Amino acid sequence: MNAWEIEELVIEVAEHLDGFTPLVRAGHPAYLVGPGGARLVVHPLWNRQGRIRVLGVYPDGSRSVLPDQRRHEITVTAARGAVFIAKKIERRLLPGYRTDLAACHGRLAARATQDGTRAQLAETLITLLPGARLIDNERTTVISWRLGTASGAFTIHGDVTATIQIAAADRELTERIADAVRHRAS
């Protein structure tokens, strides 16, 4: 099957899948886009003439959050027609894919919340400690600082747990830092 035939087939299948619409663009794979962020990509099987692969796709960035996410795909004979293909997708692909897709969205939302909380705590510490240096990567934020003879480092992990190291700080500074962390972490 060529790209044009796949695009036509995707348009026809979308008519028989409740809530799905086709997404076809020249030079790109053909998709069936459905409710809840569902995206199904349709490819011809190059080594099996007349068969197509329908694969459930997860949101961008989800592989780093859920590296063990199951792959949901089926292969179908294209000659059986759009109604047959839609029924196979509905029965064999969508039940497991929808469940895993919902779990994926939940984990991505939880991660976004954690990232926001981590950013707020980092902002509070930067404000409290002028001249502090911030090193931020995808899952950890490190803030290192020096005030006179006092120094320290805060490592805020992705799950918003923190590792705190303070050296040679007086009681007032230590209490201010502890108070700031306590208020932002709760």
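Scroll up a little and you will see the structure.
Residues numbered from 1 in each chain as written. Predicted model: local features only at pLDDT ≥ 70, side-chain atom pairs only at ≥ 80, totals over all residues. Heavy atoms only, no water.

### Considerations on the sheet that holds strand S1 (residues 21-23)
The cut-off we apply is this: Following DSSP output, two strands are said to pair if at least two bridges run between them. Put simply, DSSP H or I for four residues or longer makes a helix, DSSP E for two residues or longer makes a strand, and each gets a number counted from the N terminus. With axes taken as lines fitted to C-alpha atoms, and helix axes fitted only over the stretch in contact, angles between N-to-C directions fall between 0 and 180 degrees. Should any heavy atoms of two residues lie within 4.5 Å, those residues are counted as being in contact.
The antiparallel open sheet is built from 5 strands, whose spatial order is S1-S2-S3-S4-S5. The open sheet has two edge strands, S1 and strand S5 (73-77), and neither has a second partner. The mean angle between the axes of side-by-side strands here comes to 25 degrees, regardless of whether they run parallel or antiparallel. Note that S1 and strand S2 (residues 30-33) share 3 bridges and pair antiparallel. For Thr-21, the partnering residue across the bridge sits in S2 and is Val-33. Its contacts with the sheet place helix H1 (residues 3-14) against S1, S2, strand S3 (39-44) and strand S4 (51-57), and it is angled at close to 10 degrees to S2. Taken strand by strand, helix H3 (residues 82-128) contacts S2, S3, S4 and S5, and its axis lies near 175 degrees from that of S5.

### Re the packing of aromatic side chains
To keep it simple, the criterion reads: The aromatic pairing rule takes the rings of Phe, Tyr and Trp, using the six-membered ring of Trp, and pairs them if the centres are within 6.5 Å, calling planes under 30 degrees apart stacked, those over 60 edge-to-face and the rest tilted. Type-normalised accessible area, obtained with a 1.4 Å probe on protein chains alone, sets the label of each residue: buried when under 20%, exposed when over 50%, and partly exposed for intermediate values. Geometrically, a charge over a ring is one whose NZ (Lys) or CZ (Arg) sits within 6 Å of the ring centre while staying within 35 degrees of the ring normal.
A complete count under the given rule lists 2 aromatic pairs for this structure. Considering the side-chain rings of Tyr-58 and Tyr-97, the 5.9 Å spacing of their centres and the 50 degrees angle between planes classify their relative orientation as tilted. Here Tyr-97 lies in helix H3 and Tyr-58 lies in the loop between S4 and helix H2 (62-65), a separation of 39 residues in the sequence. The exposure class assigned to Tyr-58 is buried, which follows from its relative accessible area of 10%. On the basis of relative accessibility, which here comes to 0%, the residue Tyr-97 falls in the buried class. When the ring of Trp-145 is compared with that of Phe-154, the centres are 6.5 Å apart and the planes differ by 25 degrees; the resulting orientation is stacked. Under the relative-accessibility criterion, Trp-145 is labelled buried at 4%. Positioned over the ring face of Phe-84 is Arg-80, at 4.0 Å from the centre of the ring.

### Overview of the packing of H1 against H3
For clarity, the threshold we go by: Angle categories: roughly parallel below 35 degrees, roughly antiparallel above 145, roughly perpendicular from 65 to 115, and oblique for all the rest. Crossings are sorted by hand: turned counterclockwise from the far helix by less than a right angle, the near helix makes the crossing left-handed, and turned clockwise it makes it right-handed. Amino acid classes used here: Ala, Val, Leu, Ile, Met, Phe, Trp, Tyr, Cys and Pro are nonpolar; Asp, Glu, Lys and Arg are charged; the rest, including Gly, are polar.
Between H1 and H3, the least distance of the axes is 8 Å, while the angle of their chain directions is 70 degrees. Between H1 and H3, the angle is such that the two are roughly perpendicular. Considering how the two elements wind past one another, H1 and H3 form a crossing that is right-handed. Between H1 and H3, the contacting residues are Leu-9, Glu-12 and Val-13 on the first element and Ala-82, Ile-85, Ala-86 and Ile-89 on the second. Split by residue class, the contact of H1 with H3 holds 6 nonpolar, no polar and 1 charged.

### Description of the environment of Val-10
One can find Val-10 in helix H1. Each C-alpha atom, one on Val-10 and one on Thr-21, is 8.8 Å from the other, the two residues being 11 residues apart in sequence.

### Side note on the nonpolar core
Our working rule: Nonpolar cores are built from buried Ala, Val, Leu, Ile, Met, Phe, Trp, Tyr and Cys residues. Side-chain atoms within 4.5 Å join them into one set.
Ranked by size, the top nonpolar core spans 28 residues in total, and within it Val-13, Leu-32, Leu-40, Ile-52 and Ile-89 carry the most contacts. The set of elements that each furnish at least two residues to this core consists of H1, S2, S3, S4, S5 and H3. Considering every element that reaches this core, the biggest residue donor is H3, with 9 residues. Leu-32 has contacts with Val-10, Val-13, Ala-14, Leu-17, Phe-20, Thr-21, Ala-38, Arg-39, Leu-40, Val-42 and Ile-89, leaving out every residue within four places of it along the chain. Counting residues in each nonpolar core, the second largest holds 15 residues, with Leu-125, Leu-128, Ala-150 and Phe-154 among its members.

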